[in-house]
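A closer look at the structure
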Amino acid sequence: MMNRQPPSRVLGMFCAAVAALLLSACQPEPQDTKPGQPVATRQKLFKAMLREFEPMGVMLREGPFDAARFEGHFRRFLDLAEKPWPYFREDTCYPPAKVKPQTCTDLAGFERRKEAFLGAVAGLNTAVQKELGTLAPQGSARAETQARAALKAAYDRVYDTCQDCHRDYRKK
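Predicted, not measured: the structure shown is a model, and the values here were computed from it.

The rules behind the values
- Residues numbered from 1 in each chain as written.
- Predicted model: local features only at pLDDT ≥ 70, side-chain atom pairs only at ≥ 80, totals over all residues.
- Heavy atoms only, no water.
- Helix = DSSP H or I, 4+ residues; strand = E, 2+ residues; numbered from the N terminus.
- Expected span 1.5 Å × (residues − 1).
- Buried < 20%, exposed > 50% of the residue type's maximum accessible area, 1.4 Å probe, protein only.
- Axes fitted to C-alpha atoms, helices over the stretch in contact; angles between N-to-C directions.
- Parallel < 35°, antiparallel > 145°, perpendicular 65-115°, else oblique.
- Left-handed = near helix turned anticlockwise from the far one by under 90°.
- Contact = heavy atoms within 4.5 Å.
- Polar contact = N/O pair within 3.5 Å; in protein donor to acceptor, adjacent residues only side chain to side chain.
- Nonpolar A, V, L, I, M, F, W, Y, C, P; charged D, E, K, R; others polar.

Quick look at helix 4 (residues 107-131)
Think of an α-helix as 3.6 residues a turn; residues three or four steps apart then line up on the same face. For helix 4, spanning 25 residues, the distance from its first C-alpha to its last is 35 Å, which sits close to the expected 36 Å at 1.5 Å a residue. For helix 4, every residue scored as buried is listed here: Gly 109, Phe 110, Lys 114, Phe 117, Leu 118, Ala 120, Val 121, Leu 124, Ala 127, Val 128 and Glu 131.

A look at unusual backbone geometry
What is expected of a backbone is that most residues other than glycine have negative phi and most peptide bonds are trans. Gly 63 connects to Pro 64 through a cis peptide bond whose omega is -10°. Locating Pro 64 in the fold gives a position in the loop between helix 2 (38-61) and helix 3 (67-80). Residue Pro 95 is joined to Pro 96 through a cis peptide bond whose omega torsion reads 20°. Here Pro 96 is to be found in the loop between helix 3 and helix 4. Although it is not a glycine, Gln 37 adopts a positive phi angle of roughly 45°.

Some points on the packing of helix 2 against helix 5 (residues 141-169)
One can describe the packing of helix 2 onto helix 5 by two numbers: an axis separation of 10 Å at closest approach and a directional angle of 140°. In terms of their interaxial angle, helix 2 and helix 5 are classed as oblique. In this structure, helix 2 meets helix 5 at a crossing whose hand is left-handed. Of the residues in helix 5, those in contact with Phe 53, Glu 54, Met 56, Gly 57, Met 59, Leu 60 and Arg 61 of helix 2 are Arg 148, Leu 151, Lys 152, Tyr 155, Val 158 and Tyr 159.

Examining helix 2
Its 24 residues place the ends of helix 2 34 Å apart at the C-alpha level, agreeing with the 34 Å of an ideal helix rising 1.5 Å per residue. Immediately downstream of helix 2, the backbone of Gly 63 shows phi near 70°, a positive value.

A word on the side chain of Thr 41
Among the secondary structure elements, Thr 41 is positioned in helix 2. Separated by 2.7 Å, the side chain of Thr 41 and the backbone oxygen of Gln 37 make a polar contact.

Some words on the packing of helix 3 against helix 4
Running from N to C, helix 3 and helix 4 point in directions that differ by 150°, and their axes come no closer than 11 Å. With respect to each other, helix 3 and helix 4 are oriented roughly antiparallel. Where helix 3 crosses over helix 4, the handedness of that crossing is left-handed. Packed against helix 3, whose contacting residues are Phe 70, Phe 74, Arg 75, Phe 77 and Leu 78, the element helix 4 presents Phe 117, Val 121, Leu 124, Asn 125, Val 128 and Gln 129 at the interface. Residues of the contact of helix 3 with helix 4, tallied by class, amount to eight nonpolar, two polar and one charged.

Set out below in structure tokens:
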């Protein structure tokens, strides 16, 4: 025979669990109080990069593809690509940083990841320069398909470098 809790008790436990969850979600994130706010600055820059990077991927994966919009997102992304890196230093592994401790101790490995990212961004830049020029307003469907495939391959290389770095250096 099962030992069942009275419905009011179950409801009370459920409400208590929900309240605890809500309260934990309301905890303010630690503020970056260090001079120059290096952690907050790099987080802000990465978020700005992501706001430009994600729409490009959506266009490449799902369409519709708009070459002018894609190029605008890419130009803004390219402008931001090198900006967060100076804000990673040995002394920037404090909350609100979402980095693993080795981010600030394995500086050589982290530098290699950064260079891989910037190399992939340069490859995407080359693809953008080459492929967007082939997308004439009245271009062939085959040319557009080939251009999108080349852009997607270059985009995916950038994405993969982000994932590699996150896997090794970012807390989940």
